[in-house]
Amino acid sequence: IKKIDQVIDKISGVKTRYGGDIIRQYKPARKWLWGRWKGTILQQAWTAAAANMMISICFIATLRHFCKPTWAVGQIPDATFPIVSRLSALAKLWHYLMSITTFILTFFLSQAYGLWRGMYTTTRKIQGRINDIGFLVASTVERDDQGRYTKRGEALLDDVGNYTRLFHVFCWAKYTKKFEILQSARGMSRMLSRGIITRKEYNTLSSLSSRNGGPHNACLTWILIKCLTAMKENTLPNDHALRDVLFHKMCDLRGTFAGISDQLDGRIPLAYAHIVQILVDCFLLIAPFALYSELGIWSIAAVGLLTLFYSGLLDLAKILLDPLDNDGFYDASVNMDIGVLIRESNSGSTRWKYSAELLPFATM
C-alpha cells in the first residue's frame, strides 16, 4: 500500500522530481552550468573515467619498473625506445579507431535524441487532444437563459472531466513501469479508497480482463459514449459537425497514445546498440596504452577526459533511448516526470468548464 500511495502522491502533486517541471530545467549561465553535478552525465561517467585512469597508472608504473626508461617522469617518451616504438603502431590504430568512433557515437546520440524528442512531442499531443475535447464540450454544452450550465450540462462536464483524468492516469500506467501498479487490483482498490475513482467505476474497471484492452481504453470509450448520449438527449447539440469533430479528436487521441508502444518497441535494434557499445569500449580500453607513446605520464589525464566524454555521451544516448525511465539505467534529469503530465491534465480537465462557466452575453 505504501508503494501505491507513493505513486498516487506523484500524480496528485504531493511529490515532484524537478520542482513541478517535466524535466530538470537549466540556466544558460556558464558559471551555473559548471556548478551542476547531480542529474548530470558527469555523475554517471566519472566512475568509468576513474577506472580507466587507474589502468593507465598501473601500466605506466609497470613499464617504468620493468623497462627502465631513459626519460624523466614528466617528459615525452623516447620514440626510439623499443617498447615505445611498438606502442606507436598501436597509437596509429587508435587514431583510426577514434575517427570512426566519434562519427558513429555522435550519430547514435542524435538518433537517441530524436526518439526522446518524439516521445516528448507525443506526450504533449495527448494533452492537447484531451484539452480539445474539454474545450468542445464546455463550449457547446446545454445552458439556461442566463448562459449558465444546466444541471445535466454541468453533470456532463464533470463526467467527461473525470473520465479524461482516469484515461490519462491509466494510459501512463500502461507504458510506465513506475505507474503500472495502478492498473492492478490493489492499485485500483487504493484509488477507490482515496476517492480518485467511484465505486461504479471501480466495479466496472476491475471486472475487465487483460484481453479487453485495459482500463485506459475503457475510459476512452466512456468519454465518447457519454458525449454521444448527451447529443441524443440534447445536452450537446445533435449535429453532424460536432459529432465529426469529436470522432476526429477521439480517434486522433487513440492513435497518438497507441503510438507510444510502437516508439518504445522500435527505439533501437539490439545489433546497433551492441556494436556501438563494443566500439566505444574498445576505443577507451586501448587509449591508456596507445596514448603513452605520445604523451607519457600526461596520458593519464588524457585518458580520464576521453573516457569521461566518450563514455558519458554513450550513457547519455542510452538514457535518451529510455525517456520514460523504464530501464532504470540512471536517474538522470532527461527522464520525464510523468507525474507532471498527469497533474497538468488533471488541471486541464476542469479548466474549460470553469473558463466558460460565466458568459458576458446571452446564449438564447
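None of these values were measured; they are calculated from a predicted model.

(A) How the structure looks around the pattern of salt bridges. The tally for this structure, following the rule as stated, stands at 13 salt bridges. Between Lys 353 and Asp 158 there is a salt bridge whose closest N-O contact spans 2.5 Å. Residue Lys 353 is located in helix α13 (residues 338-355), and its partner Asp 158 is located in helix α5 (residues 151-175); the two are separated by 195 residues in the primary sequence. Given a relative accessible area of 35%, Asp 158 falls into the partly exposed group. One connected set of salt bridges, linked through shared partners, spans Asp 5, Asp 9, Arg 190 and Arg 194.

(B) Seen up close, the environment of Ile 342. Position of Ile 342 relative to the elements: it lies in helix α13. The sequence separation of Ile 342 and Ile 11 amounts to 331 residues, and the corresponding C-alpha distance is 5.8 Å.

(C) Representation of a nonpolar patch on the surface in the model. A contiguous nonpolar surface patch, about 320 Å² in accessible area, is contributed by Trp 37, Leu 42 and Trp 46. Positionally, Trp 46 belongs in helix α3 (residues 41-67).

(D) Highlighting the confidence of the model for the protein chain. Averaged over every residue, the pLDDT of the protein chain is 90; residues scoring 70 or more account for 96%. Model confidence for the protein chain, summarised as mean pLDDT per element, is weakest for helix α1 (residues 2-12) at 83 and strongest for helix α10 (residues 270-290) at 96.

(E) Here's a closer look at unusual backbone geometry. We note that Asn 234 has phi near 65 degrees; this positive angle belongs to a residue other than glycine. Looking at the element boundaries, Asn 234 is found in the loop between α8 (215-232) and α9 (240-265). Phi at Asp 325 is positive, roughly 60 degrees, even though this residue is not glycine. For Asp 325, a relative accessible area of 8% gives the class buried.

(F) Spotlight on the packing of aromatic side chains. Counting across every chain of the model gives eleven aromatic pairs. Relative to Tyr 292, the ring of Phe 59 lies with its centre 5.9 Å away and its plane at 90 degrees, an arrangement referred to as edge-to-face. Of this pair, Phe 59 sits in helix α3 while Tyr 292 sits in helix α11 (residues 292-295), and the two are 233 residues apart along the sequence. Pair check on accessibility: Phe 59 and Tyr 292 agree, each one buried. Aromatic side chains Tyr 163 and Trp 222 sit 5.3 Å apart centroid to centroid with 65 degrees between the ring planes, which places their arrangement in the edge-to-face category. Taken together, the positions of Tyr 163 in helix α5 and Trp 222 in helix α8 put the pair 59 residues apart, joining distant regions of the chain. According to the relative accessible area criterion, Trp 222 is buried, its value standing at 18%. Among the aromatic residues, ring-to-ring pairing joins Phe 59, Phe 289 and Tyr 292 into one connected group. Here Arg 36 stacks its cationic end above the ring of Trp 32, 4.4 Å away from the centre of that ring.

(G) Examining the side chain of Thr 122 more closely. Its place among the elements puts Thr 122 in helix α4 (residues 82-140). With a relative accessible area of 9%, Thr 122 lands in the buried category. In contact with Thr 122, not counting residues within four places along its chain, are Thr 256, Ile 260 and Gln 263.

(H) Looking closely at the packing of α8 against α9. Interhelical geometry of α8 versus α9 gives an angle of 175 degrees and a closest axis separation of 11 Å. Between α8 and α9, the interaxial angle falls into the category roughly antiparallel. For the pair formed by α8 and α9, the contact residues are His 216, Asn 217, Leu 220, Ile 223, Leu 224, Cys 227, Leu 228 and Met 231 on the first element and Leu 242, Arg 243, Leu 246, Phe 247, Met 250, Leu 253, Arg 254 and Phe 257 on the second. Its residues assigned to classes, the contact of α8 with α9 comprises twelve nonpolar, two polar and two charged.

The rules behind these values
Residues numbered from 1 in each chain as written. Predicted model: local features only at pLDDT ≥ 70, side-chain atom pairs only at ≥ 80, totals over all residues. Heavy atoms only, no water. Salt bridge = Lys/Arg side-chain N within 4 Å of Asp/Glu carboxyl O. Helix = DSSP H or I, 4+ residues; strand = E, 2+ residues; numbered from the N terminus. Buried < 20%, exposed > 50% of the residue type's maximum accessible area, 1.4 Å probe, protein only. Patch = residues over 30% accessible without salt bridge, like charges linked within 9 Å, V, L, I, M, F, W, Y side chains within 5 Å. Areas by Shrake-Rupley, 256 points an atom, 1.4 Å probe, with all protein chains shown as cover. pLDDT = per-residue confidence, 0-100. Phe/Tyr/Trp six-rings, centres within 6.5 Å; stacked < 30°, edge-to-face > 60°. Lys NZ or Arg CZ within 6 Å of the ring centre and 35° of its normal. Contact = heavy atoms within 4.5 Å. Axes fitted to C-alpha atoms, helices over the stretch in contact; angles between N-to-C directions. Parallel < 35°, antiparallel > 145°, perpendicular 65-115°, else oblique. Nonpolar A, V, L, I, M, F, W, Y, C, P; charged D, E, K, R; others polar.

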